[in-house]
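Reading the structure
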Amino acid sequence: MTQVISIQSHVAYGYVGNRAAVFPLQRLGLEVTAINTVQFSNHTGYGTFTGDVFTPDHLRNVLDGVESLVGLDGVDAVLSGYMGDEGIGRAVLDSVDRVKQANPDALYCCDPVMGDVGRGFFVREGIPEWMRDHAIARADIVTPNQFELAFLAGREIDTLEDALAAAAALRAKGPKVVLITSLEVAGDDEDHIGMLVDAPGGSWRIATPKVDFAIPPNGAGDFTAAMFLAHSLRAGLTDEGPARALEQTAAAVQMLFEHTRRAGTRELAMIAAQQDIVSPTVTLHAEKLR
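Calculation rules
In this convention, every chain numbers its residues from 1, walking through the sequence in written order. Per-residue local features are limited, in this predicted model, to residues with pLDDT of at least 70; the limit for side-chain atom pairs, both in listing and counting, is 80 or more; totals at the level of whole chains, interfaces and linings are taken over all residues. Hydrogens are left out, water is left out, and the side-chain values use all remaining heavy atoms of the structure. Any two strands between which DSSP finds at least two bridges are classified as paired. By the criteria applied, helices consist of DSSP H or I runs no shorter than four residues and strands consist of E runs no shorter than two, each listed in order from the N terminus. In this description, contact between two residues means that some pair of their heavy atoms is separated by no more than 4.5 Å. Note on geometry: axes are C-alpha line fits, over the in-contact stretch for helices, and angles between N-to-C directions span 0 to 180 degrees. UniProt positions are given in the numbering used here, feature names are shortened, and annotations may be inferred rather than shown by experiment. The span one expects for a helix is its residue count, reduced by one, times 1.5 Å. The classification of residues rests on relative accessible area computed with a 1.4 Å probe and restricted to protein chains. Under 20% of the type maximum is buried, over 50% is exposed, and intermediate values are partly exposed. By construction, the arc corresponds to the directions joining the helix axis to the C-beta atoms. In summary, the pairing rule links any two rings of Phe, Tyr or Trp, Trp by its six-membered ring, whose centres are within 6.5 Å, and it sorts them by plane angle into stacked for under 30 degrees, edge-to-face for over 60 and tilted for everything else. Placement of a positive charge over a ring is assigned whenever Lys NZ or Arg CZ falls within 6 Å of the ring centre and within 35 degrees of the normal to the ring plane.

As recorded in an unreviewed UniProt entry, the protein goes by the name pyridoxal kinase, listed as coming from Salinicola corii.

Considering the sheet that holds strand β2 (residues 31-40)
In space, the 10 strands of this open sheet follow the order β3-β2-β1-β4-β5-β8-β9-β10-β11-β12, with mixed pairing throughout. One side of each edge strand has no neighbouring strand; the edge strands of this open sheet are β3 (51-53) and β12 (287-288). Pairing of strand β5 (residues 107-110) with strand β8 (residues 141-142), which is carried by 2 bridges, proceeds in the parallel orientation. Residue pairing for β8: C109 is matched across the bridge by I141. Across the sheet, helix α1 (residues 18-27) lies against β1 (3-11), β2 and β4 (77-80), angled at about 145° from β1, the strand it touches most. Docked against the sheet, helix α3 (residues 86-102) engages β1, β2, β4 and β5, running at close to 160° with respect to β5.

Looking at the UniProt feature "domain: Pyridoxamine kinase/Phosphomethylpyrimidine kinase" (unreviewed entry) in the protein
UniProt records the feature "domain: Pyridoxamine kinase/Phosphomethylpyrimidine kinase" (unreviewed entry) at residues 74-234, using the numbering of this structure. With 40% helix and 23% strand, the stretch residues 74-234 has end C-alpha atoms that lie 16 Å from each other.

Some words on the environment of D158
When you line up the elements, D158 lands in the loop between α5 (146-153) and α6 (160-171). Distance from D158 to T143, taken between C-alpha atoms, is 19 Å for residues 15 residues apart in sequence. Excluding its chain neighbours within four sequence positions, the residues that come into contact with D158 are V185 and A186.

What about helix α4 (residues 127-138)?
Compared with the 16 Å implied by 1.5 Å per residue over 12 residues, the 16 Å span of α4 between its first and last C-alpha is a close match. The complete set of buried residues in α4 reads I127, P128, W130, M131, A135 and I136. Along α4, the residues classed as buried sweep out an arc of 155° about the axis, all on the same side. Elements that come into contact with the buried residues of α4 comprise α3, β5, β7 (120-121), β8, α5 and α6.

Section: the packing of aromatic side chains
A complete count under the given rule lists 4 aromatic pairs for this structure. Here the aromatic rings of F213 and F257 are separated by 5.5 Å at their centres, their planes lie at 85°, and the arrangement is edge-to-face. Here F257 lies in helix α8 (residues 241-263) and F213 lies in the loop between β11 (202-209) and α7 (220-235), a separation of 44 residues in the sequence. Residue classification places F257 among the partly exposed residues on the basis of a relative accessible area of 21%. Three or more aromatic residues joined by ring pairs form one cluster here, namely F121, F147 and F151. One cation-aromatic arrangement involves R19 over Y15; the distance from NZ or CZ to the ring centre is 4.7 Å. Its guanidinium or amino end placed over the ring of Y46, R266 lies 4.3 Å from that ring's centre, counting from NZ or CZ.

Dropping the structure here:
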């Protein structure tokens, strides 16, 4: 059975971080070991929350316990998301090193959570530069949004050609595969939003209808990264594997958004959508760009 270690935030209520990643990974049949970087009552977008931030040593100690119990040689991938500070980031990369020492074929999927178009950066000062200079080169898969990709690649992204050049520049830093989780460029249909994957075997994109939310739900990026990792583990990172992973991921995201819109909630409708996450009722086809 495929095994993943997911190192992310945890909330008691709602679906962000590990709460947006672990359940759908499990529904897809993966065995997940969740290591939480924080435990909050809810995500910080509500304005108020309670809970605690865990230390880097806490993360290392938890992994120590897992390793002593079952070892790390059976781990197929590590997934990471929001990193509160550089100490947590270093602990995450230490964990990746330990897993890859035990299983050199294990993948590291880094979701470089830093900011978004219209919001700018929402992480602590220094985190974007640390992510760019340290984490990206260690990853096999990175899943930035358009804003994050522009920063990491050091390029403005206004056109599709800009996006492809930025993804190629990011891959040149080390990752095998770059998934742009949200992309809107000149010439696109304003009623749709794109996703684009760039890999050694080519580049592909998919556009799906925008969903109108009163308050956009948090956690969609965490869910997307988890889905893409799961489907990449099945399809592989070479040839057209990334295209198939993109198709399955985009379909799952579309289904989750539709369930959330119908529910009228601020949180992702993860439970209602669970069967459609596993077996989407929409079939999407990725357009090959190169």
